[in-house]
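Breakdown of the fold
Chain by chain, the residues run as shown.
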Amino acid sequence: MATSREVKLTQMKEHVQKLGSSAEKYGDATLERFLIDKSMDPNKAAKLFVAWQNWRSSFVPLGFIPETEVVEELNAKKVFLQGLSKSGHPLVILQANKHYPAKDQNQYKKFMAHMLDKAIASGIKGTEIGNEKIVVIMDMQKLAYKNVDTHGFIAGFQILQSYYPERLAKLYMLNMPWFFVSVWKIISRVLEKSTSDKIVIISGEKGSKQLIEEVGKEALPEELGGMAKLVLLQDVQVPQLKC
């Protein structure tokens, strides 16, 4: 007898076909991410999945975003890929004080996809399963008003939620300045519960200890109490993400 999970997956595949698409080349682990994101509702999961397929084919036609299409964002040297966290997920560090509101919004969105694809792919061991996740630390140390980008934050979260369901394991918000609290309240309005539940705001000595305990010193850079050196996103070589 089929399990509840298997029944839901079968129903989702049928809904995908009714929407004029196919899920044949994707493994159950990939499809299940969409089901989990939509509280195991096969119809809603199928709609999200087909929207993702359409987005990938139009926005990422090559299957990846080449570095040549996101040069300005890479030159800011604001994203680092640190290897695996204590939980076994790739660790991404964003230095928010190096970010400025993008003049080219399309390039910024492409950079988000480039970064997420590369970070997820860095966690693949052997064969890609389709349910790989990432851990992100957003470090706001030395953040100034000129770095605040409310629209950029919202666009980033919308891409994450719409096209990378269940890819985020945890997001740590570190060293948030007082003036950013009101901005965060605005950004929080667009967050789905499945996203907000994975966000941890870290502050003080107790928070730093929590970060080290949960992420691990091996992947954390020395600047955050770890033992690793910061490694720029563009200096890491990874396989192409398929799912």
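Note that the structure is predicted; figures quoted are calculated from it, not measured.

Quick notes on the packing of helix 1 (residues 4-18) against helix 3 (residues 42-59)
One way to put it is that helix 1 packs onto helix 3 with a least axis distance of 8 Å and a crossing angle of 50°. One way to sum up the angle between helix 1 and helix 3 is to call them oblique. Classified by chirality, the crossing of helix 3 by helix 1 is right-handed. In contact with K8, Q11, M12, H15 and V16 of helix 1, helix 3 contributes P42, N43, A45, A46, F49 and V50. Here the contact of helix 1 with helix 3 is built from residues that sort into seven nonpolar, three polar and one charged.

Considering the pattern of salt bridges
One pass over the full model with this rule turns up 13 salt bridges. A salt bridge links K193 to D197; the shortest N-O distance between them is 2.8 Å. Since its relative accessible area comes to 61%, K193 is described here as exposed. Residues participating in the shared-partner salt-bridge network are K133, E166 and K198.

A word on helix 7 (residues 180-188)
Within the span of helix 7, buried status applies to F180, V183, W184 and I187. What you see down the axis of helix 7 is that its buried residues fit within an arc of 100°, all on one side. Buried residues belonging to helix 7 abut helix 6 (150-163), strand 4 (168-174) and strand 5 (199-202).

Observations regarding the environment of A46
Structurally, A46 is set in helix 3. Given the relative accessible area of 0%, A46 is considered buried. If we ignore the near neighbours within four places in the chain, the residues touching A46 are M12, H15, V16 and L19.

Notes on the pairing of strand 2 (residues 90-95)
Counting buried residues in strand 2 gives six out of six residues, a clear majority hidden from the surface. Sheet topology note: the strand 1 (residues 79-84)/strand 2 ladder contains four bridges and is antiparallel. In the strand pairing of strand 2, L81 is matched with V92. Taken together, strand 1 and the strand that follows it, strand 2, pair antiparallel across an intervening segment of five residues, in which G88 is found at a positive phi of about 90°.

Let's talk about the packing of helix 5 (residues 105-121) against helix 6
Between helix 5 and helix 6, the least distance of the axes is 10 Å, while the angle of their chain directions is 45°. By the angle class used here, helix 5 and helix 6 are oblique. Crossing of helix 5 over helix 6 shows right-handed handedness. In this structure, helix 5 uses Y108, K109, M112 and L116 to contact helix 6, whose residues at the interface are G152, F153, A155, G156, I159 and L160. Taken together, the residues that form the contact of helix 5 with helix 6 break down as seven nonpolar, two polar and one charged.

About the thresholds
Residues numbered from 1 in each chain as written. Predicted model: local features only at pLDDT ≥ 70, side-chain atom pairs only at ≥ 80, totals over all residues. Heavy atoms only, no water. Axes fitted to C-alpha atoms, helices over the stretch in contact; angles between N-to-C directions. Helix = DSSP H or I, 4+ residues; strand = E, 2+ residues; numbered from the N terminus. Parallel < 35°, antiparallel > 145°, perpendicular 65-115°, else oblique. Left-handed = near helix turned anticlockwise from the far one by under 90°. Contact = heavy atoms within 4.5 Å. Nonpolar A, V, L, I, M, F, W, Y, C, P; charged D, E, K, R; others polar. Salt bridge = Lys/Arg side-chain N within 4 Å of Asp/Glu carboxyl O. Buried < 20%, exposed > 50% of the residue type's maximum accessible area, 1.4 Å probe, protein only. Arc of directions from axis to C-beta. Pairing = 2+ DSSP bridges.

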